[in-house]
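Architecture at a glance
Read off the chains here:
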Amino acid sequence: QVQVVESGGGLVQAGGSLRLSCAASGSIISINNMGWYLQAPGKQRWLVASITSTGSTNYADSVKGRFAISRDRAKNTVYLQMNSLNPEDTAVYYCNALVRSSSVAGFQEVWGQGTLVTVSS
C-alpha cells in the first residue's frame, strides 16, 4: 500500500538539465534508502544514484559530476538533478524506496512506474 510516484521527465536538448522528483506515500513508518534506476529499451535496469537515511550518496560512474541526488525527509521525496545531459542518458528512470510500513514486517522495496527522459542530439 506504499507507493512512489515519479515526475519531471521529458524531452531536453543535449547539454540541458532536468530535475526528477519522486514522492513516497502511504502507511510509511520510515524510509531507509531511496534511489533512481535507469532502464533503456531491451536493457537491464541499473542504479543511477541512491541516498541513505543518513544522507550518504552513491552514483554510477557515468553520472558522477553531472547528476546530484537529494532528499527531503519531511516530504518523503527524493530528487535527481540531471545536468549536462547527453543522448546516452535517454531512458526510463525509475524511483525505488526501501520502506518500513505499518502493514508489512521488515522493510519493503517499492518501485515507481517510471518517467521517460529523452535527450536529443
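Higher on the page you've got the structure.
Residues numbered from 1 in each chain as written. Predicted model: local features only at pLDDT ≥ 70, side-chain atom pairs only at ≥ 80, totals over all residues. Heavy atoms only, no water.

Quick notes on the overall build of the protein
To keep it simple, the criterion reads: Note on conventions: DSSP H or I runs of at least 4 residues are helices, E runs of at least 2 residues are strands, and numbering of each starts at the N terminus. Every radius of gyration here is taken over C-alpha atoms, with the globule rule written as 2.2 Å times N^0.38, N being the number of residues. Partly exposed describes any residue whose relative accessible area lies between the buried limit of under 20% and the exposed limit of over 50%, with all areas from a 1.4 Å probe on protein chains only and scaled to the type maximum. By definition in these notes, contact holds between two residues if any of their heavy atoms fall within 4.5 Å. Per-residue and other accessible areas were derived by the Shrake-Rupley procedure at a 1.4 Å probe size, with only the shown protein chains allowed to occlude residues. Charge assignment in this entry is limited to Lys and Arg as positive and Asp and Glu as negative, and neither His nor the chain termini are counted. Here the site of a charge means atom NZ of a Lys, CZ of an Arg, CG of an Asp or CD of a Glu.
Counting its regular elements, the protein contains zero helices and 11 strands. Shown N-terminal to C-terminal, the secondary structure of the protein runs as helices and strands in the order β-β-β-β-β-β-β-β-β-β-β. Taking 2.2 N^0.38 as the reference for a compact globule, 121 residues should give roughly 14 Å; the C-alpha atoms of the protein span a radius of gyration of 14 Å, in line with that estimate. Overall, the C-alpha framework of the protein stretches about 45 × 25 × 20 Å when taken along its three principal axes. For the protein, the proportion of its 121 residues judged to be buried stands at 40%. Across the protein, the fraction of contacts at a sequence separation of at least 24, relative to all contacts at a separation of at least 6, is 55%. Per element, the accessible surface of the protein, about 6200 Å² overall, is 48% carbon and sulfur. Between the averaged position of the 9 positive side-chain charges in the protein and that of its 6 negative side-chain charges there is a distance of 6 Å.

Quick word on the sheet that holds strand 3 (residues 18-25)
Here is the rule: For two strands to be treated as a pair, DSSP must find no fewer than two bridges joining them. Convention adopted: a line fitted to C-alpha atoms gives each axis, helices being fitted over their contacting stretch, and angles between N-to-C directions are expressed from 0 to 180 degrees.
Strand order in the open sheet made by the four strands is 1-3-8-7, with antiparallel pairing throughout. This sheet does not close on itself; its edge strands, each paired only once, are strand 1 (3-7) and strand 7 (67-72). When strand polarity is set aside, the average angle formed by the axes of neighbouring strands in this sheet is 15 degrees. Here strand 3 runs beside strand 8 (residues 77-82); their pairing, made up of six bridges, is antiparallel. Bridged to S21 within strand 8 is Y79.

Some points on the environment of K43
Inspection of the secondary structure assignment puts K43 in the loop between strand 4 (28-39) and strand 5 (46-51). Separated by 28 residues in sequence, K43 and G15 place their C-alpha atoms 24 Å apart.

Topic: the nonpolar core
Convention followed: Buried residues of nine kinds, namely Ala, Val, Leu, Ile, Met, Phe, Trp, Tyr and Cys, make up a nonpolar core once their side-chain atoms join them within 4.5 Å.
By size, the foremost hydrophobic cluster in this structure holds 31 residues, and its most contacted members are W36, L80 and Y93. Those elements giving two or more residues to this core turn out to be strand 3, strand 4, strand 5, strand 7, strand 8, strand 9 (91-101) and strand 11 (115-120). Tallying contributions element by element places strand 9 first for this core, with five residues. Sequence-distant contacts of L80, defined by excluding residues within four places in its chain, comprise L18, R19, L20, W36, V48, A49, F67, A68, I69 and Y93.

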